[in-house]
Every structure is written in C-alpha cells, then in structure tokens.
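Commentary on secondary and tertiary structure
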Amino acid sequence: MVAAAIIMTPFAAGMALLAIIFSLWGLLTARFMMPNMVVELPSKFKVGPASDFPIGTVSEKYKASRGVWLVHSTAYNGENIVYALASVCTHLGCTPNWLEGEQKFKCPCHGSGFYISGINFEGPAPRPLERVGLRVAEDGMLEVDKSVKFQEELGQWADGKSFVALG
Ligand code: FES
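Structure report, in brief. (Residues numbered from 1 in each chain as written. Predicted model: local features only at pLDDT ≥ 70, side-chain atom pairs only at ≥ 80, totals over all residues. Heavy atoms only, no water.)

**Some words on a nonpolar patch on the surface**
A surface patch of nonpolar side chains, amounting to about 790 Å² of accessible area, comprises Phe11, Met15, Leu17, Leu18, Ile21, Phe22 and Trp25. In this structure, Leu18 sits in helix H1 (residues 2-33). (Patch = residues over 30% accessible without salt bridge, like charges linked within 9 Å, V, L, I, M, F, W, Y side chains within 5 Å. Areas by Shrake-Rupley, 256 points an atom, 1.4 Å probe, with all protein chains shown as cover. Salt bridge = Lys/Arg side-chain N within 4 Å of Asp/Glu carboxyl O. Helix = DSSP H or I, 4+ residues; strand = E, 2+ residues; numbered from the N terminus.)

Structure (structure tokens):
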C-alpha cells in the first residue's frame with residue numbers, strides 16, 4: 001500500500017500540474033472570447049441650473065470627470081452667456097489649468113494661454129479652445145452635449161447651441 005502511494009505520488013503530481021495548465025488555458029481562452037469593452041459616458045449630461053454658475057466664474061466641477069469647464073462671462077463680445085469649454089489645448093491636446101489669480105487658462109505643456117472667453121493669446125496654440133453644446137433642458141437644468149463642438153475661428157460661436165444667453 002505504501003509502495004503504491006509512493007509510486008502514485010509523482011503520477012498524482014503530474015495530473016495536478018496538467019489540471020492547472022488546462023485550467024489556465026481555459027481561463028485565457030475564455031478571456032480571449034470576451035469582447036473588449038470600453039464603457040463610454042453619455043455625451044449629454046446635466047450640470048444644474050444656470051444660477052449655479054455666477055457671472056465671472058469658471059467652474060472646474062466637470063473638468064476631471066467630463067473634460068469641460070462651465071463658464072459664465074461677458075468676455076466674448078460683451079454677451080452675458082454661459083458656455084462649456086472643452087479642456088483640451090488646441091496646440092497638441094494637453095489639459096490646461098484655470099488660473100483664477102491670472103484669469104486665464106494656461107497649458108502646462110508648451111505655455112499656451114487662453115482668456116476666460118477661450119480665445120488664445122500666448123504660446124503656440126493656433127486657435128481658441130473649443131466650445132461644446134449647451135442648452136437649457138426641459139426641466140430648467142443646463143445640459144452639456146459633448147457630441148457637438150463649436151470653433152470660434154469658423155464662426156461657430158455665434159450658433160445658439162454653443163451657449164446659453166442670460167439676461
Ligand atoms: S499642448 Fe498646450 S501648449 Fe502645447
């Protein structure tokens with residue numbers, strides 16, 4: 001009996017090793033069969049009422065999670081408007097920072113600067129930041145729509161879907 005156990009032990013060990021190898025192979029095959037899924041956030045999302053965005057302010061609440069600033073300003077053509085700026089530098093795509101003390105967006109990569117309006121004024125960025133869609137939804141909340149972009153240099157900031165007029 002003891003001799004049989006000693007003889008069986010290497011056999012059992014070999015079987016166990018084979019079982020582990022086949023299990024791993026099965027797991028890898030199963031993973032290969034699964035689709036690679038990227039969970040995309042919806043392009044439209046509500047950010048609250050316009051009153052949440054006082055005039056002269058840049059809200060960074062949605063910068064990290066959704067890549068936009070909400071701005072309420074009269075800096076562009078003197079219009080009292082709220083707009084959503086994409087937080088993507090128009091030079092090579094880095095993420096600028098809003099510098100409250102200097103009242104400008106500043107890109108850390110190559111130094112481009114943008115006024116609160118989004119207009120570029122220093123550094124290599126060749127054009128203003130882009131706006132994304134913004135409207136007042138049926139429930140009175142501001143709704144951002146990142147599926148649409150508006151470029152100032154193409155005259156698209158005149159499009160009423162790129163801002164919400166206040167007062
Ligand atoms: S990517 Fe912003 S200045 Fe170059």
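The discussion continues.
**Regarding the packing of aromatic side chains**
Applying the stated criterion across every chain, the model contains 5 aromatic pairs. Between Phe45 and Tyr62, the aromatic rings sit 5.8 Å apart at their centres with planes inclined by 40 degrees, giving tilted as the arrangement. Here Phe45 is found in strand S1 (residues 44-48), whereas its partner Tyr62 is found in the loop between strand S2 (57-59) and helix H2 (63-66), with 17 residues between them in sequence. With respect to burial, Phe45 and Tyr62 carry one shared label: buried. Ring centres 4.7 Å apart and planes at 50 degrees place the aromatic pair Trp98 and Phe105 in the tilted group. (Phe/Tyr/Trp six-rings, centres within 6.5 Å; stacked < 30°, edge-to-face > 60°. Buried < 20%, exposed > 50% of the residue type's maximum accessible area, 1.4 Å probe, protein only.)

**A closer look at the nonpolar core**
With 18 residues, the main nonpolar core has Val58, Trp69, Val71, Tyr83, Leu85 and Phe105 as its most contacted residues. When contributions to this core are tallied by element, the ones reaching two or more residues are strand S3 (68-73) and strand S4 (81-86). In terms of residue count, the dominant contributor to this core is S4 (3 residues). Apart from the residues lying within four places of it in its own chain, the contact partners of Val58 are Trp69, Leu70, Val71, Trp98, Phe105 and Ile116. (Core = buried A, V, L, I, M, F, W, Y, C linked by side-chain atoms within 4.5 Å. Contact = heavy atoms within 4.5 Å.)

**Regarding the state of the cysteines**
Applying the stated criterion across every chain, the model contains 1 disulfide. Between Cys94 and Cys109 runs a disulfide, and the two sulfur atoms are separated by 1.9 Å. As the torsion about the S-S bond is roughly -90 degrees, the Cys94-Cys109 disulfide counts as left-handed. Of the two residues, Cys94 sits in the loop between S4 and strand S5 (97-99) while Cys109 sits in the loop between strand S6 (104-106) and strand S7 (113-115), which places them 15 residues apart along the sequence. (Disulfide = S-S within 2.5 Å.)

**What to know about the pattern of salt bridges**
Oppositely charged side chains are able to pair whenever their charged atoms sit close together. The full count for this structure, using the stated rule, is 9 salt bridges. As a salt-bridge pair, Lys46 and Asp139 come within 2.9 Å of each other at their nearest N and O atoms. Taken as a pair, Lys46 in strand S1 and Asp139 in the loop between strand S9 (131-136) and strand S10 (142-150) lie far apart in primary sequence, 93 residues in all. Of the residues examined, Lys46 reaches a relative accessible area of 41% and is grouped as partly exposed. A relative accessible area of 45% means that Asp139 is categorised as partly exposed. Here the salt bridges share partners, and the residues they tie into one network are Glu102, Lys104, Lys106 and Glu122.

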